[in-house]
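So the chains spell out like this:
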Amino acid sequence: MIILTGHEGFIGSHFLDCLKAQHKEIVCVEKDEALTFFDQFTIWDRVTQIIHMGANSSTVGKDISDYYTYNIDFTIRLFEKAIEFQIPVKYASSASVYGLNGHGAYNPLNYYALSKLTIDYWVMDNIDRFKEIQGYRFFNVYGSGEDKKILENQSSPISKFIKQIEDRGYIELFEGSDEFLRDFVWVGNCVDIVLYEEISSGIYDVGTSKPVSFQYVAEKVVETYGGEIKYIPFPDHLVGKYQNFTCAKEDFPGYNYISVAEYLNPEDGLVHTSEGC
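In this text, all values refer to a predicted model and were calculated from it rather than measured experimentally. (Residues numbered from 1 in each chain as written. Predicted model: local features only at pLDDT ≥ 70, side-chain atom pairs only at ≥ 80, totals over all residues. Heavy atoms only, no water.)

K.L.:
I keep staring at the nonpolar core and nothing clicks. Help me out?
P.N.:
Across soluble globular proteins, nonpolar side chains show a tendency to be buried alongside one another. Counting residues in each nonpolar core, the largest one holds 50 residues, and the members touching the most others are Ile11, Phe15, Ile51 and Phe138. When residues no more than four places from it in sequence are discounted, the contact partners of Ile11 are Met53, Phe138, Val141 and Val187. Judged by nonpolar contacts, the second largest core, of 28 residues, contains Tyr70, Ile72, Ile119 and Ile203. (Core = buried A, V, L, I, M, F, W, Y, C linked by side-chain atoms within 4.5 Å. Buried < 20%, exposed > 50% of the residue type's maximum accessible area, 1.4 Å probe, protein only. Contact = heavy atoms within 4.5 Å.)

Structural data, given as structure tokens:
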């Protein structure tokens, strides 16, 4: 039996599809059920793995109590159960913990990033108590199923730009987007790595090490789907709160790294939308 959190979310839904295809027995826990889950679920001895993808993932939320309740308190309670019953854990962290540094030093810029870093610290402090645990700092994940995130303006730029082309025939791009670079990772690769890579306990950066600019992404989307690019001023509310650069790199001492470059070359696959697991 596998406990899966976040199954209704963008990344979690892809895990659900893959686990269903393998005919796994799955217990899904969504945010609305989190507060009562520990009172209702009693068969921990039957659980063989926990895949924790659920979280308040908004990078602009202001209610710190919500982030604490769902991203920190619920996670620690879940992990304590994993320790008690010696259940292997795989969970989603985030490259947002690096903030403006892009990589190499922690600089969380919002409550979401801070909550993820808090859990990472807790895991490292307690790692010897787990049977096995891997945390994955996904860099900029994109793929199908981002519809809700698009509505919340929290999706990857790839999906956002495609939707803009479909709706109005043009992309709105911040001025200076040739200087904003991201390490984009296809969601299918994230699922493959989490489910099938044999690695030791620890926290891992997951990326391609080949960042590309938002300008490049917009041009690739226009090349594939048509339309045009219209430039808009950079919004004041994002000044100092916007990551200019992200890149997963294997040559930073003290950081674990998993490359997905062999799965997807950004030059060939930035608007890759096919499914798989």
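That covers the picture; the talk isn't over yet.
K.L.:
Whenever I open this one, the packing of helix H1 (residues 10–21) against helix H7 (residues 187–196) confuses me. Can you help?
P.N.:
The relative placement of two packed helices comes down to the angle between their axes together with the axis-to-axis distance. At a closest axis distance of 10 Å, the pairing of H1 and H7 adopts a crossing angle of 60°. What the angle tells us is that H1 and H7 run oblique. Crossing angle aside, the handedness with which H1 passes H7 is right-handed. Where H1 approaches H7, its residues Phe10, Ile11, His14, Phe15, Cys18 and Leu19 are matched on the opposing element by Val187, Cys190, Val191, Val194 and Leu195. A breakdown of the residues in the contact of H1 with H7 according to their chemical character gives 10 nonpolar, 1 polar and no charged. (Axes fitted to C-alpha atoms, helices over the stretch in contact; angles between N-to-C directions. Helix = DSSP H or I, 4+ residues; strand = E, 2+ residues; numbered from the N terminus. Parallel < 35°, antiparallel > 145°, perpendicular 65-115°, else oblique. Left-handed = near helix turned anticlockwise from the far one by under 90°. Nonpolar A, V, L, I, M, F, W, Y, C, P; charged D, E, K, R; others polar.)

K.L.:
Would you take a moment to explain the packing of aromatic side chains for this structure?
P.N.:
We describe a pair of aromatic rings using the distance from one ring centre to the other and the angle between the two ring planes. This model, assessed by the stated rule, comprises 19 aromatic pairs. Arranged with centres 6.4 Å apart and planes meeting at 20°, the rings of Trp44 and Phe85 form a pair that is stacked. Of this pair, Trp44 sits in the loop between helix H2 (34–40) and strand S3 (49–52) while Phe85 sits in helix H3 (residues 64–85); the two residues are 41 residues apart in sequence, bridging distant segments of the chain. Phe85 gets classed as partly exposed once you look at its relative accessible area, which sits at 34%. Judged by centre distance (6.4 Å) and plane angle (40°), the ring pair of Phe79 and Trp122 falls under tilted. One end of the pair, Phe79, is in helix H3; the other, Trp122, is in helix H4 (residues 111–126), with 43 residues separating them in the sequence. Each member of the pair Phe79 and Trp122 is classed as buried. A network of ring pairs unites the aromatic residues Phe37, Phe38, Phe41, Trp44, Phe74 and Phe85 as a single cluster. (Phe/Tyr/Trp six-rings, centres within 6.5 Å; stacked < 30°, edge-to-face > 60°.)

K.L.:
I keep staring at the pattern of salt bridges and nothing clicks. Help me out?
P.N.:
Between side chains of opposite charge, a pair can form when the charged atoms approach closely. With the rule as written, the count across this model stands at 7 salt bridges. Here Arg46 ties to Glu25 by a salt bridge, and the two come within 2.9 Å at their closest N and O atoms. Residue Arg46 is found in the loop between H2 and S3, and its partner Glu25 is found in the loop between H1 and strand S2 (26–29); the two are separated by 21 residues along the sequence. Since its relative accessible area comes to 42%, Arg46 is described here as partly exposed. Glu25 gets classed as partly exposed once you look at its relative accessible area, which sits at 42%. Of the charged contacts, one joins Lys81 and Glu84 as a salt bridge, the two residues approaching to 3.8 Å between their closest N and O atoms. One end of the pair is Lys81 and the other is Glu84, both in helix H3 and 3 residues apart, which spans about a single turn. Classification of Glu84 by relative accessible area gives exposed; the value is 53%. (Salt bridge = Lys/Arg side-chain N within 4 Å of Asp/Glu carboxyl O.)

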